[in-house]
Amino acid sequence: MLRCHLPGVEAVQAQSKHSFGRHMHAQFGIGVVLQGAQKSLSGVGMVEAVAGDTITVNPGEIHDGAPLGDAGRSWQMLYFEPELISSLMADLSEGKTSEAEFRLPVIADKLISRSVAQLFATLTAPHASALSAEEQMLFLFARVMQQSTAPGQVAMPAIHHARSLIDDNPAAALSLETLAAQNGLSRFQLLRAFARVTGMTPHAYILQRRLQLARRLISKGVPLVEVAMECGFADQSHLTRMFVRNFGVSPGSYASLG
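Now for a quick tour of the structure.

The rules behind each value
Residues numbered from 1 in each chain as written. Predicted model: local features only at pLDDT ≥ 70, side-chain atom pairs only at ≥ 80, totals over all residues. Heavy atoms only, no water. Helix = DSSP H or I, 4+ residues; strand = E, 2+ residues; numbered from the N terminus. Contact = heavy atoms within 4.5 Å. Buried < 20%, exposed > 50% of the residue type's maximum accessible area, 1.4 Å probe, protein only. Pairing = 2+ DSSP bridges. Expected span 1.5 Å × (residues − 1). Arc of directions from axis to C-beta. Core = buried A, V, L, I, M, F, W, Y, C linked by side-chain atoms within 4.5 Å. Phe/Tyr/Trp six-rings, centres within 6.5 Å; stacked < 30°, edge-to-face > 60°. Salt bridge = Lys/Arg side-chain N within 4 Å of Asp/Glu carboxyl O.

**Concerning the side chain of Thr-122**
Logical step 1: Counting through the fold element by element, Thr-122 comes out in helix 2 (residues 110–124).
Logical step 2: What Thr-122 contacts, discounting residues up to four positions off in sequence, is Ala-128, Ser-129, Ser-132, Ala-133 and Gln-136.

Dropping the structure here:
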């Protein structure tokens, strides 16, 4: 069991040769087989999953699990409370439904498995970004639940206003819910329209604005600890990682250039 930074989500990573008896969960589960293979009972009968496959389970669905071969298998799973998934589905369907069901217990889609692994990493990272996790969840479930992700007709003023909210205070802890509510959109409407118009998700855009602000403050000689705090980074090490990733030099090296 790994610490998960988003309420209503549990993260599990395991490596085992154990055969699990029939049981069920109260949550929605989605994960990735990392190594080995397994067979399991599911709502559609017996299925097999190999490394790279995505595996799912619905609340109350009776299932089990046994390794294929003597080496066992390893996997990562995320378990979501039904209320959280209902909220996601209502958002994805623009209020048409809050019902959700995984139709396939095993999904052989590399894009989906990479998305699950990325979300798992985000949710269990030391400095997890709630906004980034929310974005990844919406995109993942839009694909897995086979919802349309085509951008609707969203007025440009709404995206302009959302950008202005970020530009005015990049360090603010803005959420998708806040940005969407301020503009009369659902979270998914805001997310896909923002990405279509700007080429970035809101989280990526906020990070860019924070880094730009950090550069200006560093150029003025502001201590790095203060820069990290004023720009909304978790701490100085977080600032350093993002700065190096984006600019190729550390904040300290950049400060010395001035």
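From this point, the narrative continues.
**Concerning the pairing of strand 3 (residues 28–42)**
Logical step 1: In terms of residue burial, strand 3 counts as a mostly covered element, since eleven of its 15 residues are buried.
Logical step 2: Relative to strand 7 (residues 73–80), strand 3 runs antiparallel, the two sharing eight bridges. Across the sheet, Val-32 pairs through a bridge with Gln-76, a residue of strand 7.
Logical step 3: Relative to strand 4 (residues 45–50), strand 3 runs antiparallel, the two sharing six bridges. Its bridge partner lying in strand 4, Ala-37 is registered against Val-50.
Logical step 4: Taken together, strand 3 and the strand that follows it, strand 4, pair antiparallel across an intervening segment of two residues.
Logical step 5: Here two bridges tie strand 3 to strand 6 (residues 63–67), and the two strands are oriented antiparallel to one another.

**With respect to helix 4 (residues 156–168)**
Logical step 1: Relative to the 18 Å expected for 13 residues at 1.5 Å per residue, helix 4 spans 18 Å between its end C-alpha atoms, a close match to the ideal helical length.
Logical step 2: Along helix 4, the residues that are buried comprise Ala-158, Ile-159, Ala-162 and Ile-166. Along the long axis of helix 4, the arc covered by the buried residues comes to 95 degrees, so they all point the same way. Looking at helix 4, the residues exposed on the side facing more than 90 degrees away from the buried face are Pro-157, His-160 and Asp-168.
Logical step 3: The inward-facing, buried residues of helix 4 abut helix 5 (176–182), helix 6 (187–198) and helix 7 (202–219).

**Examining the nonpolar core**
Logical step 1: In terms of nonpolar packing, the biggest core is built from 45 residues, with Leu-78, Phe-80, Leu-119, Leu-123, Leu-140, Phe-141 and Leu-190 touching the most fellow members.
Logical step 2: Top contributing element to this core by residue count: helix 3 (residues 130–144), with eight residues.
Logical step 3: Once you skip the residues sitting within four places of it in the chain, Phe-141 turns out to touch Phe-80, Ile-85, Leu-88, Leu-92, Phe-102 and Gln-146.
Logical step 4: Residues Leu-211, Ala-214, Ala-228 and Phe-243 belong to the second largest nonpolar core, which totals 13 residues.

**Topic: the packing of aromatic side chains**
How two aromatic rings sit relative to each other is given by the distance of their centres and the angle of their planes.
Logical step 1: Counting across every chain of the model gives eight aromatic pairs.
Logical step 2: Ring geometry for Phe-80 and Phe-141: centres 5.3 Å apart, planes at 90 degrees, overall edge-to-face. One end of the pair, Phe-80, is in strand 7; the other, Phe-141, is in helix 3, with 61 residues separating them in the sequence.
Logical step 3: Take Phe-141: its relative accessible area is 1%, and that puts it in the buried class.
Logical step 4: Considering the side-chain rings of Phe-194 and Tyr-205, the 5.6 Å spacing of their centres and the 70 degrees angle between planes classify their relative orientation as edge-to-face. Residue Phe-194 is located in helix 6, and its partner Tyr-205 is located in helix 7; the two are separated by eleven residues in the primary sequence. Accessibility classification places Phe-194 together with Tyr-205 in one group, the buried group.

**Digging into the pattern of salt bridges**
Logical step 1: Scanning the entire structure with this criterion turns up five salt bridges.
Logical step 2: Between Arg-192 and Glu-94 there is a salt bridge whose closest N-O contact spans 2.5 Å. Here the residue Arg-192 occupies a position in helix 6, and Glu-94 occupies one in the loop between helix 1 (82–92) and strand 8 (106–107), the gap between them amounting to 98 residues.
Logical step 3: The exposure class of Arg-192 is buried, given its relative accessible area of 10%.
Logical step 4: One salt bridge connects Arg-187 with Glu-134, and the closest N-O pair in it is separated by 3.0 Å. A residue pair is termed long-range when its members are at least 10 positions apart, and Arg-187 in helix 6 and Glu-134 in helix 3 qualify at 53 residues.

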